[in-house]
Amino acid sequence: MRKKTHIVIALSAIVHAVTALVCRMAGIGDELVLTVLPMLMIALVCYGNSLSIELSAVSIVLGNLFGYALGRGIAHVIDNFVPIDASAALSSLLTTLAVGYLTCLMPVFFKNE
């Protein structure tokens, strides 16, 4: 994995967390933005690792599904320990990091032609 990949994932996670926090504090629905940001990150990671279009598309779909489920689970656990605004930001940060690094494992499980 390239250094640029780590930077893309880390910056995406930070932007994702800040966006979740700002939307929560402003009372704005964050569903659309928090769906598009991981899709962009996954596309950049796939492009940076020279994955095929098909594998990139599968990664985007699986990343969104997994990210939604994982994010809800993490938020549910974190809600017990921190304020709800911080919970949204922290769960977004952790979920985006997990999805980003799991995207890098896609070629291990699927043949990239």
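Because the structure is a prediction, the values reported are computed rather than measured.

**Points about the layout of surface pockets**
It is the rolling of a water-molecule-sized probe over the atoms that shows where space remains empty.
Here comes step 1: Its boundaries defined by the atoms lining it, the largest pocket holds a volume of some 670 Å³.
Here comes step 2: Along the wall of the largest pocket there are 26 residues; nearest its centre are Leu34, Tyr68, Gly71, Arg72 and Ser92.
Here comes step 3: When residues of the lining of the largest pocket are traced back to their parent elements, those giving at least two are helix H1 (3-26), helix H2 (33-48), helix H3 (53-78) and helix H4 (84-103).
Here comes step 4: When the residues that make up the lining of the largest pocket are grouped by side-chain class, the tally is nine nonpolar, 12 polar and five charged.

**What to know about the state of the cysteines**
Here comes step 1: Evaluation of the coordinates by the stated rule reveals zero disulfides.
Here comes step 2: No disulfide involves Cys46; its nearest neighbouring cysteine sulfur is the one of Cys104, lying 8.3 Å away.
Here comes step 3: Classification of Cys46 as buried rests on a relative accessible area of 0%.
Here comes step 4: Accessibility expressed as a relative area gives 17% for Cys104, which makes it buried.

**A closer look at the environment of Ile60**
Here comes step 1: Inspection of the secondary structure puts Ile60 in helix H3.
Here comes step 2: Residues Ile60 and Ala86, 26 residues apart in the sequence, show an inter-C-alpha distance of 26 Å.

**Some points on the environment of Met106**
Here comes step 1: Of note, Met106 is situated in helix H5 (residues 106-109).
Here comes step 2: Classification of Met106 by relative accessible area gives buried; the value is 9%.
Here comes step 3: Once the C-alpha coordinates of Met106 and Asp30 are considered, the two residues, 76 residues apart in sequence, prove to be 27 Å apart.
Here comes step 4: When sequence neighbours within four positions are dropped, the list of residues in contact with Met106 reads Leu55, Val58, Ser59 and Leu62.

**Here's the deal with unusual backbone geometry**
Here comes step 1: Residue Ser50 is not a glycine yet carries a positive backbone phi of 55°.
Here comes step 2: Here Ser50 is to be found in the loop between H2 and H3.
Here comes step 3: Under the relative-accessibility criterion, Ser50 is labelled exposed at 51%.

**Quick look at the nonpolar core**
Here comes step 1: Counting residues in each nonpolar core, the largest one holds 11 residues, listed as Ile9, Met41, Ile42, Val45, Cys46, Leu51, Leu55, Ile60, Val99, Cys104 and Met106.
Here comes step 2: For this core, the secondary structure elements donating two or more residues are H2 and H3.
Here comes step 3: Here this core takes four residues from H2, the largest share from any one element.

**Remarks on the environment of Asp79**
Here comes step 1: By secondary structure assignment, the location of Asp79 is in the loop between H3 and H4.
Here comes step 2: For Asp79, a relative accessible area of 36% puts it in the partly exposed group.
Here comes step 3: In contact with Asp79, not counting residues within four places along its chain, are Ile84 and Ser87.
Here comes step 4: Of the polar contacts made by the side chain of Asp79, one reaches the side chain of Ser87; its length is 2.5 Å.

**Considerations on the side chain of Ser12**
Here comes step 1: Tracing the backbone through its elements, the reader meets Ser12 in helix H1.
Here comes step 2: If near-sequence neighbours (up to four positions away) are discounted, Ser12 is found in contact with Met41 and Thr96.

What counts, and where the lines are drawn
- Along each chain, numbering runs from 1 in the same order as the chain's sequence is written.
- Whole-chain, interface and lining totals are the exception, using all residues; otherwise, since this is a predicted model, local features are given only for residues with pLDDT of at least 70 and side-chain atom pairs are given and counted only at 80 or more.
- Derived side-chain values reflect all non-hydrogen atoms in the structure, with water molecules and hydrogen atoms excluded from consideration.
- Within this scheme a cavity is a closed region of a 1 Å grid, computed over the protein atoms alone, that accommodates a 1.4 Å probe without allowing it to escape, whereas a pocket is open but has protein on both sides within 12 Å along at least five of seven lines; lining residues each have an atom within 4 Å of a point.
- Grid points are joined across faces, edges and corners, and a volume is the space filled by probe spheres set on the points.
- Only DSSP runs of H or I with at least four residues qualify as helices, and only runs of E with at least two residues qualify as strands; both kinds are numbered from the N terminus onward.
- Each residue is assigned to one class: nonpolar for Ala, Val, Leu, Ile, Met, Phe, Trp, Tyr, Cys and Pro, charged for Asp, Glu, Lys and Arg, and polar for all the others, Gly among them.
- Note that a disulfide, as used here, is simply two cysteine sulfur atoms within 2.5 Å.
- Remark: exposure states derive from per-residue accessible area (1.4 Å probe, protein chains only) relative to the maximum for the residue type, with buried under 20%, exposed over 50%, and partly exposed in between.
- By the convention used here, residues are in contact when the closest approach between their heavy atoms is within 4.5 Å.
- Only buried Ala, Val, Leu, Ile, Met, Phe, Trp, Tyr and Cys residues count toward a nonpolar core, and they belong to the same one when joined by side-chain atoms within 4.5 Å.
- Whenever a nitrogen or oxygen atom comes within 3.5 Å of another N or O atom, the pair is scored as a polar contact, on the condition that within protein one atom can donate a hydrogen and the other can accept it, and that pairs from neighbouring residues in sequence are kept only if both atoms are in side chains.

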